[in-house]
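This is what each chain is made of:
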Amino acid sequence: MSEKIQFGVDYYPEHWNSERIETDIKLMKEMGIDLVRLGEFSWSKLETSDNNFEFGWLKQVVAKFEKVGIKVVLGTPTAAPPAWLIKEHPEIQPVDRESRTRHFGGRHHCCHSNLTYRKYCERYVEIFAEEFSKSTNVIGWQIDNELGNSHNELCYCDSCEKNFQRWLEKKYVTINELNQSWGTTFWSQTYNDFEQIQAPKLTAAGENPSQLLDWKRCHSDLIKDFHDEQVEIIRKYSEDTFITHNMMGFSNVVNYYELAEKLDFVSHDQYPSGPFHKEQNRQSGDHQAAELDVIRGIKQQTFWIMEQQSNIAGWDVLGRLPSPGQISLWTVQSVAHGADTIVYFRWRTSAMGTEQYWHGILPHSGIPGRVYEEIKTLTKEIRPIMQQVNGIKPKSKVAIVYSYDQSYAFDIQHHHPDLNYVDHLRTYYKGLYENNISVDFISDAADFSEYELIVAPLQFILTNELAEKYRNYVQKGGNLILTMRTGVKTESNICYTDSPLPGLLSDVLGIQVPEYDCLLDTEVRIKIGDKNHVANKWADLITLTSAEALASYDSQFYKGTPAITQNDFGKGKAYYVGTEMSPSLMSDFIDRLQIKKEAQAAPIGVEIASRESEKLIYHFVMNHTDCIQSFDPPKHWTLYKDDKGTKTIPEHGYLIFIENK
Ligand code: GAL
Ligand code: ZN
């Protein structure tokens, strides 16, 4: 479906006078652009007042692109309901947990459970899809925009409260069942019927973690339902076009595994360097690599980048200016991790509105400059390789389990103020990344048997089924790393009480954890072999039953107590890490794993990521640092393009090698 498309741009012709499009099209063609995404925020220009649709201008735009062979993806503009709609129905606007309305003037000023809003969205999407599905130049659709973005403050309006009550009734059937599951005898929270349950607004003091977890799950389901309704409408009109959604890496507001069920493939918006990124990120690349791997993991498929950073990024505060080569490097990195198509955000920097400083390929003036030339060169260079790797994925022997439920549970109870579910996962990812070990992120529902090593951090909520799955995996020969806070809670976020931690998996791990320490304002020393390290945030005080200690604490009153353990169980091995490891401890720990021995070495800051077909492996070697790096490839890797025998990679440069299997 996507073979012929390698490069696109996000284009907003409605922001410019109508003659400019001729210049833009010419520049796009010269640059090697095959596709534009249009329309995803243009509701007020396409339905100018209630039921008054004016598609003419967009049809002309689509026709102009058709003439020059540039394909179109259309976005549904439902993230930006127009002013006339808000005036007619102000109740569409979302309400925050302090009961304040979030008003018109930005975007995402909509409540997904509001039936009036839903009706207007349905009508728009129906008419839009019917009209534009007639154009053979429209090859795909994007639903809404970044669902979950701006929804960190979920909507707490009356309609969302009712929706929550209905969702709970469906899940628990009787109010007694809910009372049991939520532990409502605590602080006299017993409900007599579902109508008494409120959206978890700002309370006088404290909250019920079971209620909060269900609230987050309910909202994720709501957004999925909103999304799927649009998918179903578009499918009626357009069977041979694709439908996708632009996701945001580790954003957890919507469960992406579920959101993706009805999509042909997922897309991702990749912004490696904005005002919110730290300087060190510019020298490593592990953060953006992890996001790409998470996105590939959503459907275990290759994907599109629907918004690839093309220049300096920022709203009111700006990020750093990408250095020469860096936009190309980030593009190649997306491809290396499984992107088949790269669509740059945005074609031209907007003169108006919130995103005046979120720069595009062209500056405000519209005059092509350094970035335009760089991407133009890049499209020529890597298009052939992109055509070859289309649809083939990296092959990973290691997986990290990424779970929305665990993420929600840690958002609700951080434990340590700085403990964050994704950051904790990323300590493992980074350790593996620095050794160039390819990682898949997988759901806990995935098939574990494909992997030699599974890292499953913070398995806080542990159902019997999941515990069984881990047990079987190790029994049959898998290597499993579990961590602190495993086996603590039931599905409804209540603590298990029938055995010491880690509860259901104690025998697999060969340990018990009778006590733990939250390392507030302190760290703990750790000894692994004869090396000294530190660890942070948390310390499980481990008692061995059948495991052996790999590392022990070397300070605090529990000096000498095991901190990291290893246990033979069935044909496999189960490791337990009772703390958050520092980078040096992580590196020492990874050195002890079998998987490390097979990895290809490269200097720090040089990343190797590979896509692997039946016969060939394509290795992308990427220098994220701002100095020249040397790289000595194995003998059987051949350079994809002759670079006159050089073994160096310029700052922010890359090399591509091919290996015959
Ligand atoms: C993305 C969004 C785009 C644009 C961009 C820059 O998150 O999808 O519409 O807003 O960020 O801010
Ligand atoms: Zn609402």
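Calculation criteria
- Numbers given to residues run from 1 along each chain, matching the order in which its sequence is written.
- Lettering for chains starts from A, numbering for ligands starts from 1, and both go in the order in which the items are written.
- At least 70 in pLDDT is required for a residue's local features to be given in this predicted model, at least 80 for side-chain atom pairs to be given and counted, and no such filter applies to totals for whole chains, interfaces and linings, which use all residues.
- The basis for every side-chain value is the complete set of non-hydrogen atoms in the structure, without hydrogens or water.
- Domain limits in this description derive from either an automatic procedure or a database domain assignment.
- It only takes one pair of heavy atoms within 4.5 Å for two residues to be counted as in contact.
- Just to be clear on terms, a salt bridge is a Lys or Arg side-chain nitrogen sitting within 4 Å of an Asp or Glu carboxyl oxygen.
- Pairing of N or O atoms within 3.5 Å defines a polar contact, subject to two protein rules: one partner must be a possible hydrogen donor and the other a possible acceptor, and residues neighboring in sequence count only if both atoms are side-chain atoms.
- To qualify as a helix, a DSSP run of H or I must reach at least 4 residues; to qualify as a strand, a run of E must reach at least 2; elements of each kind are numbered from the N terminus.
- Here an angle of 0 to 180 degrees is reported between the N-to-C directions of two axes, which are lines fitted to C-alpha atoms, with helices fitted over the stretch in contact.
- Put simply, a crossing is left-handed when the front helix is turned counterclockwise from the back one by less than a right angle, and right-handed when it is turned clockwise.
- All residues other than Ala, Val, Leu, Ile, Met, Phe, Trp, Tyr, Cys, Pro, Asp, Glu, Lys and Arg, Gly among them, are scored as polar; the first ten of these are nonpolar and the last four charged.
- Relative accessibility thresholds used throughout: buried, under 20% of the residue-type maximum; exposed, over 50%; partly exposed, between the two (1.4 Å probe, protein chains only).
- To estimate how far a helix should reach, multiply one less than its number of residues by 1.5 Å.
- This arc is taken over the directions from the axis of the helix to the C-beta atoms.
- Note on definitions. A residue lies near a molecule or strand when any single heavy atom of the residue is within 4 Å of it.
- If the strands point away from the viewer and the path from the first strand over the helix to the second runs clockwise, then the crossover is right-handed.
- Two strands pair under a simple rule: DSSP has to find at least two bridges between them.
- In this scheme, roughly parallel covers angles under 35 degrees and roughly antiparallel covers those over 145, while 65 to 115 is roughly perpendicular and the rest are oblique.
- For Na, K and Ca the donor cut-off is 3.2 Å, and for all other metals it is 2.8 Å, counting N, O and S atoms only; because water is absent from this set, sites may look incomplete.
- Every angle between 85 and 135 degrees makes a four-donor site tetrahedral, while opposite donors more than 155 degrees apart, with all other angles between 65 and 115, make a four-donor site square planar and a six-donor site octahedral; other sites are irregular.

Enquirer: Help me understand the domain arrangement of the protein, please; the structure alone is not making it clear to me.
Expert: Where interface size is quoted, it is often the accessible area lost as the parts come together. In terms of domain boundaries, the protein breaks down into domain 1 (7-153 + 226-389), domain 2 (398-593) and domain 3 (606-660). Each of domain 1 and domain 2 has a C-alpha centre, and these two points are 37 Å apart. Counting residues at the interface gives 22 residues for domain 1 and 16 residues for domain 2. Where domain 1 meets domain 2, there are 2 salt bridges. Asp 286 is the salt-bridge partner of Arg 426, the closest N and O atoms lying 3.5 Å from each other. Scanning the region where domain 1 abuts domain 2 turns up 17 residue pairs in polar contact (both at pLDDT 80 or more). Contributing elements (two or more residues each) for the side of domain 1 that touches domain 2: helix H9 (256-259) and helix H10 (286-299).

Enquirer: Can you help me understand the packing of H10 against helix H11 (residues 326-336) in this one?
Expert: The relative placement of two packed helices comes down to the angle between their axes together with the axis-to-axis distance. In contact at an axis separation of 9 Å, H10 and H11 are set at 35° when each is read in the N-to-C sense. Our pair here, H10 against H11, has a crossing hand that is right-handed. Here H10 contributes Gln 288, Ala 289 and Leu 292 to the contact with H11, which in turn contributes Trp 330, Gln 333 and Ser 334. Its residues placed into classes, the contact of H10 with H11 shows 3 nonpolar, 3 polar and no charged.

Enquirer: How should the pattern of salt bridges be read in this particular structure?
Expert: Oppositely charged side chains can form a pair if their charged atoms are brought close together. Scanning the entire structure with this criterion turns up 45 salt bridges. Ionic pairing is found between Asp 10 and Arg 37, a salt bridge with its closest N-O pair at 2.8 Å. Taken as a pair, Asp 10 in strand S1 (residues 7-10) and Arg 37 in strand S2 (residues 35-38) lie far apart in primary sequence, 27 residues in all. Each member of the pair, Asp 10 together with Arg 37, is buried. One salt bridge connects Glu 381 with Lys 641, and the closest N-O pair in it is separated by 4.0 Å. On the criterion of sequence distance, the pair formed by Glu 381 in helix H12 (residues 370-389) and Lys 641 in the loop between strand S26 (637-639) and strand S27 (648-649) is long-range, its members being 260 residues apart.

Enquirer: What am I meant to see in helix H15 (residues 464-475) here?
Expert: Since the α-helix packs 3.6 residues into each turn, any two residues three or four apart lie on the same face. A rise of 1.5 Å per residue sets the reference length of H15, with its 12 residues, at 16 Å; its end C-alpha atoms lie 16 Å apart and thus fit the reference within 8%. Regarding H15, the residues found buried are Leu 466, Ala 467, Tyr 470, Arg 471, Tyr 473 and Val 474. Along the axis of H15, the buried residues cluster in a sector spanning 160°; they form a single face. Opposite the buried face of H15, at more than 90 degrees from it, the exposed residues are Asn 464 and Glu 465.

Enquirer: Looking at this model, I keep getting lost on the site of ligand 1. Mind explaining?
Expert: Close to ligand 1 lie 13 residues, the nearest being Arg 107, Glu 146, Glu 307, Trp 315 and Glu 355. Note that an oxygen atom of ligand 1 is positioned 2.9 Å from one of the side-chain N or O atoms of Arg 107. Between Trp 315 and ligand 1, the recorded distance is 3.0 Å, taken from a side-chain N or O atom to an oxygen atom. Classifying every residue of the shell around ligand 1 gives 5 nonpolar, 3 polar and 5 charged.

Enquirer: Help me understand the pairing of strand S16 (residues 479-483), please; the structure alone is not making it clear to me.
Expert: Walk down a regular strand and you will see the side chains alternate between the two sheet faces. Counting buried positions along S16 yields 4 of 5 residues, so the element is predominantly enclosed. The parallel pair strand S15 (residues 453-456) and S16, bridged by H15, forms a crossover whose chirality is right-handed. Where S16 meets strand S21 (residues 572-577), 5 bridges bridge the pair, whose relative direction is parallel. By the bridge assignment, Asn 479 is partnered in S21 with Lys 573.

Enquirer: Quick question: what am I supposed to make of the packing of helix H5 (residues 115-132) against helix H8 (residues 209-237) here?
Expert: Contact geometry for H5 and H8: axes closest at 8 Å, N-to-C directions at 25°. Comparing the axis directions of H5 and H8 gives the class roughly parallel. Crossing geometry of H5 relative to H8 is assigned as right-handed. Contacts between H5 and H8 involve Tyr 117, Arg 118, Cys 121, Glu 122, Val 125, Glu 126, Ala 129 and Glu 130 on the former and, on the latter, Leu 222, Asp 225, Phe 226, Glu 229, Gln 230, Ile 233, Ile 234, Lys 236 and Tyr 237. Taken together, the residues that form the contact of H5 with H8 break down as 9 nonpolar, 1 polar and 7 charged.

Enquirer: Would you mind going over the sheet that holds strand S18 (residues 531-544) with me for this structure?
Expert: Backbone-to-backbone hydrogen bonds pair the strands of a sheet. The strands run either parallel or antiparallel. Read from one edge to the other, the open sheet built from 10 strands follows the order S14-S13-S15-S16-S21-S20-S19-S17-S18-S22, with strand pairing classed as mixed. With partners counted over all chains shown, the strands left at the sheet margins are strand S14 (439-442) and strand S22 (579-581), one partner each. In this sheet, neighbouring strand axes are inclined to one another by 20° on average, regardless of whether the strands run parallel or antiparallel. As paired elements, strand S13 (residues 398-401) and S14 share 4 bridges and run parallel to each other. Across the sheet, the residue bridging to Ala 399 is Asp 440, located in S14.

Enquirer: Please explain the coordination of the zinc ion (ligand 2) as it appears in this structure.
Expert: Six octahedral donors at a metal ideally form angles of 90 or 180 degrees, and four tetrahedral donors ideally form angles of 109.5 degrees. In the first shell of the zinc ion (ligand 2), the protein supplies Cys 111 (SG), Cys 155 (SG), Cys 157 (SG) and Cys 160 (SG), at 2.2 to 2.3 Å from the metal. Because the angles between the 4 donor atoms bound to the zinc ion (ligand 2) fall within 99 to 118°, the donor set is best described as tetrahedral. Mapping the donors of the zinc ion (ligand 2) onto the primary sequence gives the spacing C-x43-C-x1-C-x2-C. With Cys 111 in the loop between helix H4 (83-88) and H5 and Cys 160 in helix H6 (residues 158-172), the pair connects residues that are 49 residues apart, well separated along the chain. With relative accessibility at 0%, the residue Cys 111 sits in the buried group.

Enquirer: What should I look at first to understand helix H14 (residues 421-434) in this one?
Expert: Over its 14 residues, H14 extends 20 Å from the first C-alpha to the last, a length consistent with the 20 Å expected when each residue adds 1.5 Å. When H14 is considered as a whole, its buried residues turn out to be Tyr 421, Val 422, His 424, Leu 425, Arg 426, Thr 427, Tyr 428, Tyr 429, Gly 431, Leu 432 and Tyr 433. Here H14 starts with a cap whose side-chain oxygen sits 2.9 Å from the backbone nitrogen of Val 422, and that cap is Asn 420. Taken from the residues just after H14, Asn 436 is the one with a positive phi, measuring 55°.

Enquirer: Any chance you could explain the sheet that holds strand S28 (residues 654-660) here in plain terms?
Expert: If you trace the 4 strands from one edge of the open sheet to the other, you get S23-S24-S28-S26, paired in antiparallel fashion. Looking at strand neighbours, the two that pair on one side only are strand S23 (606-612) and S26, the edges of this open sheet. The sheet shows a mean angle of 30° between the axes of neighbouring strands, direction not considered. Strand direction decides the pairing type here: S23 and strand S24 (residues 616-623), joined by 7 bridges, are antiparallel. Bridge pairing in S24 links Ala 609 to Phe 620. Each of S23, S24 and S28 touches H11; the most contacted strand, S24, lies at about 150° to it. On top of the sheet, H12 reaches S23, S24 and S28; it is set at about 25° to S28, its chief contact.

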